[in-house]
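# A look at the structure
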Amino acid sequence: MMMKNSVVITIDGPSGSGKGTLAAKLAVHYGFHLLDSGALYRLLGLAAEQAGLFAQTPLDTHAVAELARGLDIEFIPDEQQRLSIRLNGQDVGDTIRTEAVGALASKVAVIPEVREALLCRQRDFAQAPGLIADGRDMGTVVFMDAPVKIYLTASAEARATRRVRQLQGMGINASMDDILSDLVARDRRDMERTIAPLKPADDAYQIDSSAIGIDDVLSMMIEYTDRQLEQAQIS
Ligand code: DC
């Protein structure tokens, strides 16, 4: 999708597929901006929790959407495109990566009015020279006309193993069984929701990274992207 003279490259896939790391590496490689759309849903889940909205049953979906429209957030990248993420001026980068906030994110993500509210905010990230958009529905909904779409996946076991290692790296002990069952439940919720379900776009290049190292996946992505951009005569 060409917006404001910018090229958009979408990377969709389930959690733990390595999308986040690869999206940041691609953004560094091309000198593009980065949208971590999962972080937006995580920030909204956290903000809704802080506002006490999850204490009410049923959840007031309209109030969550209102919150989404007014969310005070900042994404500040360093030179490696690691994002410092702020909510109401406070750094919440570590907090939003927890499993608990991931579960809240996936609950707010099923609300149609919330997804609608976040559409414009996500499209605003498409600035020159280009954007790497990482999420679940980047290629199917948010940036449907993007010239390069990648769908990255891996087996549930491979993804759970990576997640356990990532948590251990953050000093958090996690059980493989818990992580695997959470991940399968979240996949199901993301894939079976009626609005913007997780699925590859028809024109996406699909990569299964279960048995491929990150550097090789990155090379495959760059090779594919260069070819697509050349064909579209964008580079
Ligand atoms: O990628 P992640 O784990 O940070 O995403 C958190 C949740 O947000 C996940 O359960 C699905 C949801 N999400 C979404 O519905 N659409 C996106 N574009 C990105 C994330």
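These lines cover the structure that appears in this document, whether it is placed above or below. (Residues numbered from 1 in each chain as written. Predicted model: local features only at pLDDT ≥ 70, side-chain atom pairs only at ≥ 80, totals over all residues. Heavy atoms only, no water.)

### A short note on the packing of helix α2 (residues 37-50) against helix α3 (residues 61-70)
Relative to each other, α2 and α3 sit at 120 degrees, their axes nearing to 10 Å. With respect to each other, α2 and α3 are oriented oblique. The chirality of how α2 crosses α3 is right-handed. From α2, L44, A47 and A48 reach across to α3, where they touch V64, L67 and A68. (Axes fitted to C-alpha atoms, helices over the stretch in contact; angles between N-to-C directions. Helix = DSSP H or I, 4+ residues; strand = E, 2+ residues; numbered from the N terminus. Parallel < 35°, antiparallel > 145°, perpendicular 65-115°, else oblique. Left-handed = near helix turned anticlockwise from the far one by under 90°. Contact = heavy atoms within 4.5 Å.)

### Overview of the packing of α2 against helix α4 (residues 99-108)
A pair of packed helices can be characterised by two numbers: the angle between their axes and the separation between those axes. Axis separation between α2 and α4 bottoms out at 7 Å; the angle between their running directions is 95 degrees. Judged by the angle between their axes, α2 and α4 are roughly perpendicular. Within the contact between the two elements, α2 uses Y41, R42, L44, G45, L46 and E49 and α4 uses V101, G102, L104, A105 and V108. Grouping the constituent residues of the contact of α2 with α4 by class yields 7 nonpolar, 2 polar and 2 charged. (Nonpolar A, V, L, I, M, F, W, Y, C, P; charged D, E, K, R; others polar.)

### Considering the packing of aromatic side chains
Scanning all chains against the criterion turns up 3 aromatic pairs. Note on Y30 and F32: the rings are 5.6 Å apart at their centroids and 35 degrees apart in plane angle, and the pair reads as tilted. (Phe/Tyr/Trp six-rings, centres within 6.5 Å; stacked < 30°, edge-to-face > 60°.)

### A few points about the pattern of salt bridges
Taken as a whole and judged by the stated rule, the model has 12 salt bridges. For E66, the salt bridge identified is with R69, shortest N-O distance 3.2 Å. One end of the pair, E66, and the other, R69, are both in helix α3, 3 residues apart, so they sit about a helical turn from each other. Note that R82 and D78 form a salt bridge whose closest N and O atoms lie 3.0 Å from each other. (Salt bridge = Lys/Arg side-chain N within 4 Å of Asp/Glu carboxyl O.)

### Brief notes about the sheet that holds strand β2 (residues 33-36)
Reading across the sheet, the 5 strands line up as β2-β6-β1-β7-β8 and stay open at both edges, with parallel pairing between neighbours. The sheet is open, and its two edges are formed by β2 and β8 (205-208), each paired on a single side. Sheet twist, expressed as the mean angle between neighbouring strand axes with direction ignored, is 20 degrees. By the bridge criterion, 4 bridges tie strand β1 (residues 7-12) to strand β7 (residues 148-153) in an arrangement that is parallel. Bridged to I9 within β7 is V148. Lying on the sheet, helix α9 (residues 214-231) is in contact with β1, β7 and β8; it crosses β7 at an angle near 160 degrees. (Pairing = 2+ DSSP bridges.)

### Considering the pairing of β1
Burial analysis of β1 places 6 of its 6 residues in the buried class, the great majority of the element. Every second residue of β1 is oriented toward a common face, with V7, I9 and I11 on one face and V8, T10 and D12 on the other, all of them buried. Summarising the sheet, β1 and strand β6 (residues 130-135) pair through 6 bridges and their orientation is parallel. What sits directly across from V8, in β6, is L131. (Buried < 20%, exposed > 50% of the residue type's maximum accessible area, 1.4 Å probe, protein only.)

These figures capture arrangement, not role.
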